[in-house]
Amino acid sequence: RVHSETFGKSGCRRIVPGQYVAVDPRGRAIMIGACEKQKLVYTMNRDSSANLTISSPLEAHKSHTLCFDLCGVDVGFDNPVFAALEVDYDDVSNAPADAEGGAAGEPVYTKVLTYYEFDLGLNHVTRKWSDPVDPTSNLLVPIPG
């Protein structure tokens, strides 16, 4: 056993991290995310006797956000970057019926691919940028290189 952490004491809920786990390809950091809102980043280090040490969690929370997937991005030796497929449900609205008789009330939302950078020097997580993606996207596949 490497490490045991208590995230939530009320069981498996949508805001308790653990649903999504992403690792930096170089093994320097781990991001653990919940279905909604919460994301935590841990730094991985080795002490003088080569034992693995895990830092206290750093928060990368964002309110009113549903997470569909999470993965580590291969950036070489730059600061670790994690990608998350998210929807901000605060901006979701219902579409009116279209002229061709389409269904009214279907939700209209924008799904985005959000990049989080973990700055190793400052020990801080920042949301770098977001790119809109197809609303039917639901999985991120990390490709090395």
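Our structure is the block above this text.
Model, not experiment: these values are computed from the prediction.

**Q** Mind laying out the overall build of the chain, listing which residues take part and the relevant values?
**A** In terms of helices and strands, the chain carries zero helices and 11 strands. For the chain, the share of sequence-separated contacts (at least 6 apart) that also reach a separation of at least 24 residues comes to 46%. On the chain, roughly 9,000 Å² of surface is accessible, and the fraction owed to carbon and sulfur atoms is 50%.

**Q** Run through a nonpolar patch on the surface, naming residues and quoting values.
**A** Taken together, the side chains of Leu66, Phe68, Tyr89, Val92 and Tyr109 define a hydrophobic patch exposed on the protein surface, amounting to about 360 Å² of accessible area. Checked against the element boundaries, Val92 lands in the loop between β7 (81-88) and β8 (93-94). The partly exposed category is assigned to Val92, whose relative accessible area is 32%.

**Q** Which residues make up the sheet that holds strand β11 (residues 124-133), and what values do they have?
**A** On the basis of which strands lie adjacent, the open sheet formed by four strands has the order β6-β7-β10-β11 and antiparallel pairing. The open sheet terminates on both sides in strands that have one partner only, identified here as β6 (65-73) and β11. Strand-to-strand twist across the sheet, computed as the mean angle between neighbouring axes with direction ignored, equals 25 degrees. Judged from the nine bridges that link them, strand β10 (residues 111-119) and β11 form a sheet pairing that is antiparallel. From the neighbouring strand, Tyr116 faces β11, where its bridge partner is Arg127.

**Q** An account of the pattern of salt bridges is needed here, citing residue identities and associated values.
**A** Applying the stated criterion across every chain, the model contains four salt bridges. A salt bridge links Glu86 to Lys39; the shortest N-O distance between them is 2.8 Å. Pair noted here: Glu86 is in strand β7 and Lys39 is in strand β3 (residues 39-46), with a separation of 47 residues, a long-range link. For the pair Glu86 and Lys39, a shared accessibility class is recorded, and that class is buried. Residue Lys128 pairs with Glu117 through a salt bridge whose shortest N-O separation is 3.3 Å. On the criterion of sequence distance, the pair formed by Lys128 in strand β11 and Glu117 in strand β10 is long-range, its members being 11 residues apart. The exposure class assigned to Lys128 is partly exposed, which follows from its relative accessible area of 45%.

**Q** Explain the environment of Glu117 residue by residue, including any values.
**A** Overall, the relative accessible area of 17% leaves Glu117 in the buried class. When the C-alpha atoms of Glu117 and Asn79 are compared, they prove to be 6.6 Å apart, with 38 residues separating the residues in sequence. Not counting the four nearest positions on each side in its chain, Glu117 is found in contact with Asn79, Pro80, Val81, His124, Val125, Thr126 and Lys128. There is a polar contact of 3.3 Å between the side chain of Glu117 and the side chain of Lys128.

**Q** Which residues make up the environment of Ile15, and what values go with them?
**A** Tracing the sequence through the fold places Ile15 in the segment before β1 (20-23). The class of Ile15 is partly exposed, set by a relative accessible area of 38%. A C-alpha to C-alpha distance of 5.4 Å links Ile15 and Ala34, two positions 19 residues apart in sequence. In this structure Ile15 touches Ala34, Glu36 and Gln38, once residues within four positions along its chain are discounted.

Cut-offs and rules
- Residues numbered from 1 in each chain as written.
- Predicted model: local features only at pLDDT ≥ 70, side-chain atom pairs only at ≥ 80, totals over all residues.
- Heavy atoms only, no water.
- Helix = DSSP H or I, 4+ residues; strand = E, 2+ residues; numbered from the N terminus.
- Contact = heavy atoms within 4.5 Å.
- Areas by Shrake-Rupley, 256 points an atom, 1.4 Å probe, with all protein chains shown as cover.
- Patch = residues over 30% accessible without salt bridge, like charges linked within 9 Å, V, L, I, M, F, W, Y side chains within 5 Å.
- Salt bridge = Lys/Arg side-chain N within 4 Å of Asp/Glu carboxyl O.
- Buried < 20%, exposed > 50% of the residue type's maximum accessible area, 1.4 Å probe, protein only.
- Pairing = 2+ DSSP bridges.
- Axes fitted to C-alpha atoms, helices over the stretch in contact; angles between N-to-C directions.
- Polar contact = N/O pair within 3.5 Å; in protein donor to acceptor, adjacent residues only side chain to side chain.

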